[in-house]
Structures are given as C-alpha cells and as structure tokens.
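Summary of structural features
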Amino acid sequence: MAEINQPSEETNENKEVVVREQVPNATAVLVLGILSLLFWCCWGIGLILGIIGLILGVKSKKIYNESPDRYSVSSYKNLNAGYICSLIGTILAGLYLLLIIIGLLIGTSFMNFFPWENILNNINF
Amino acid sequence: MLEKLADWLESIAQPCFYSSFLGVECPGCGMQRAFIELIRGNFRESLILYPALLPGILLIVLLVVHLIFKLQRGALFIKILFIINAFIMVLNYIYKILTP
C-alpha cells in the first residue's frame, strides 16, 4: 500500500502542474465495501467489514470536505464508491441478521407457517 | 491438472454453517459448488447453481484492475456492478427460499 499517499499530478488552465494528495483510506474503504458483499450472509463478518468501511468512509469524507482542493478528485470518486458499497453491504447484512433473529424468536408459529419439510430435505452446502 | 485441483477443492469443501444448524439455506449457499464447477469449465452448471458467482468474480477482477491501472470511469463501473451483484444475490436467495 505504498502508493496511497503519493501525490497525483493534474494540470489546471495555466498548464501548471498541480500536485494533489490522495484522500486517506480511499482504497481501504473501497476494498472493505466490496469484501462486505462477499460475506454479508456469513455470521456477521459482512456486517463488521461494512461498519468499518462506513466509519472510515465518513471520517475520510469529512477530511475531504474540509479542504477539497488539497485532494485529487479520482481518489474521492474511489472513496465515494467504497462508501456506497459499504453502505449497501451493511444494510444487507443487518437485514439478514434481523431476519434470522426474528425467525428464531417467533419459534413454533414460524415452524408451522414455513415449509420446513421441503427445506430440510434439501440440506447441502 | 485443473481436474485434480477441482477434485481436491471438492474434498476440502465445508458445508454451510447455516444450513446444518438451522435447516435453511443462507444466501451464500452454493458458492463453493459453483466455484468448483467453474474450475471444471462448466459455465452453465455454475450459473444454475449460483448465478451471482460470475458477476462476483468479475467485480473482484474489476476492482484489482481499477486499483492497478486507475481506469477513468472505474469507480462508476464498480458501483453499477456492485448494485447488479447485490440484486442477483437477493433475488436468487428469494427464489431459492420460495421454491421447494
């Protein structure tokens, strides 16, 4: 990850080279967001990854908004994409966990209503 | 050689924790089998077993390419592909739950 804080060059109208930093943690938020999609069903891993991505994303967005001229636009686009991915992943993981908990709590009425025999006959990995 | 890799992967495959514990399939069920089918070269069977695996692999490849080569519209493609992927996963899960 040595390339995170290397400046990227952009030229403005006067053909001068303006050197801008990359927003901190942009790559990390992007990777966390996409990883949370692969694990959103697996016992809370997706939820944890998504929440970490969200927290890092919010912090980095605040840092960017304080001084937007200091950071490059492409890294902000990465940060935004990672933020949206983490958001969707966290929502999916949270909803699924809620569904499981509600299903376990409802208990016997859930058992009578849901076609358990069909599902139990099809257990595989 | 790929056949041997596929056979070895099949021997170390783990059953889904959810389905052995609760009896219901989780949204990721079938991903391992679909991956093994993919290594064997059967695209159609892989898609039938778990439709979201192929777009998922495409998403990871796009992520790596975007991080290395810094594509112009890379972030936009990742967002769109991510949303498509999430849709396929959710719809596939609902379909699996509702059909016997």
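1. Focus on the overall build of chain B
- Looking only at helices and strands, chain B features 6 helices and 0 strands.
- Mapped from its N terminus to its C terminus, chain B presents α and β elements in the order α-α-α-α-α-α.
- When contacts within chain B are restricted to residue pairs at least 6 apart in sequence, long-range pairs at least 24 apart make up 43% of them.
- For chain B, the exposed surface amounts to about 6,100 Å²; the carbon and sulfur share of it is 73%.

2. A closer look at the nonpolar core
- By size, the foremost hydrophobic cluster in this structure holds 29 residues, and its most contacted members are I34, L37, W40 and Y96 of chain A together with L59 and I78 of chain B.
- Breaking this core down by element, the ones donating at least two residues are α1 (26–38) and α3 (73–106) of chain A together with α3 (31–40), α5 (53–69) and α6 (74–98) of chain B.
- Per-element accounting of this core gives the leading share, 8 residues, to α6 of chain B.
- If near-sequence neighbours (up to four positions away) are discounted, L37 of chain A is found in contact with L92 of chain A together with L59, F82, N85, A86 and M89 of chain B.
- V23, A26, V29 and L79 of chain A belong to the second largest nonpolar core, which has 7 residues in total.

3. Regarding a nonpolar patch on the surface
- Among the surface-exposed residues, L87, I91, L95, L98, I102 and I106 of chain A lie close enough to one another that they form a single nonpolar patch of about 540 Å² accessible area.
- Of the residues examined, L87 of chain A reaches a relative accessible area of 34% and is grouped as partly exposed.

4. Quick word on α1 of chain A
- Given a rise of 1.5 Å per residue, 13 residues ought to cover 18 Å, and the 19 Å separating the end C-alpha atoms of α1 of chain A matches this to within 8%.
- Among the residues making up α1 of chain A, those that are buried are A26, T27, V29, L30, L32, G33, I34, S36 and L37 of chain A.
- Contacts from the buried residues of α1 of chain A go to α2 (45–66) and α3 of chain A together with α5 and α6 of chain B.

5. Focus: α2 of chain A
Residues and elements named next belong to chain A.
- The end-to-end C-alpha distance of α2 is 32 Å, a good match for the 32 Å that 22 residues give at a rise of 1.5 Å each.
- Along α2, the residues that are buried comprise G46, L49, G50, G53, L54, G57, S60, K61 and Y64. Looking down the long axis of α2, one finds its buried residues gathered within 150° of arc, a one-sided arrangement. Counted as exposed and oriented over 90 degrees from the buried face of α2: I48, I55, K59, K62 and E66.

6. Concerning the confidence of the model for chain A
- Mean pLDDT for chain A: 77, with 70% of residues reaching 70 or above.
- Here helix α4 (residues 108–113) of chain A stands out as the least confident element of chain A, with mean pLDDT 51; α2 of chain A is the most confident, with 89.

7. Topic: the packing of aromatic side chains
- Inspection of the entire model under this criterion finds 4 aromatic pairs over all chains.
- Ring plane angle 40° and centroid distance 6.2 Å describe the contact between Y64 of chain A and Y71 of chain A, whose orientation is recorded as tilted. No difference in accessibility class separates Y64 of chain A from Y71 of chain A, as the two residues are buried.
- Considering the side-chain rings of Y96 of chain A and Y93 of chain B, the 5.8 Å spacing of their centres and the 75° angle between planes classify their relative orientation as edge-to-face. Remark: Y93 of chain B occurs in helix α6 and Y96 of chain A occurs in helix α3; the pair is interchain, linking two chains. With respect to burial, Y96 of chain A and Y93 of chain B carry one shared label: buried.
- Connected via pairs of aromatic rings, a cluster forms that spans W40 and Y96 of chain A together with Y93 of chain B.

8. Structural notes on the packing of helix α1 (residues 2–11) of chain B against α3 of chain B
Residues and elements named next belong to chain B.
- Running from amino to carboxyl end, α1 crosses α3 at an angle of 170°, the nearest separation of the two axes being 9 Å. By the angle between their directions, the pair α1 and α3 is classed as roughly antiparallel. Crossing hand, α1 versus α3: left-handed. Packed against α1, whose contacting residues are L2, E3, L5, A6, D7, L9 and E10, the element α3 presents F35, I36, I39 and R40 at the interface.

9. What about the environment of K70 of chain B?
Residue and element names in this part refer to chain B.
- Within the element layout of this structure, K70 appears in the loop between α5 and α6.
- Residue K70 is classed as partly exposed on the basis of its relative accessible area of 47%.
- Considered as a pair, K70 and Q14 are 56 residues apart in the sequence and their alpha carbons are 36 Å apart.

Conventions adopted
- Residues numbered from 1 in each chain as written.
- Chains lettered and ligands numbered in written order.
- Predicted model: local features only at pLDDT ≥ 70, side-chain atom pairs only at ≥ 80, totals over all residues.
- Heavy atoms only, no water.
- Helix = DSSP H or I, 4+ residues; strand = E, 2+ residues; numbered from the N terminus.
- Contact = heavy atoms within 4.5 Å.
- Areas by Shrake-Rupley, 256 points an atom, 1.4 Å probe, with all protein chains shown as cover.
- Core = buried A, V, L, I, M, F, W, Y, C linked by side-chain atoms within 4.5 Å.
- Buried < 20%, exposed > 50% of the residue type's maximum accessible area, 1.4 Å probe, protein only.
- Patch = residues over 30% accessible without salt bridge, like charges linked within 9 Å, V, L, I, M, F, W, Y side chains within 5 Å.
- Salt bridge = Lys/Arg side-chain N within 4 Å of Asp/Glu carboxyl O.
- Expected span 1.5 Å × (residues − 1).
- Arc of directions from axis to C-beta.
- pLDDT = per-residue confidence, 0-100.
- Phe/Tyr/Trp six-rings, centres within 6.5 Å; stacked < 30°, edge-to-face > 60°.
- Axes fitted to C-alpha atoms, helices over the stretch in contact; angles between N-to-C directions.
- Parallel < 35°, antiparallel > 145°, perpendicular 65-115°, else oblique.
- Left-handed = near helix turned anticlockwise from the far one by under 90°.

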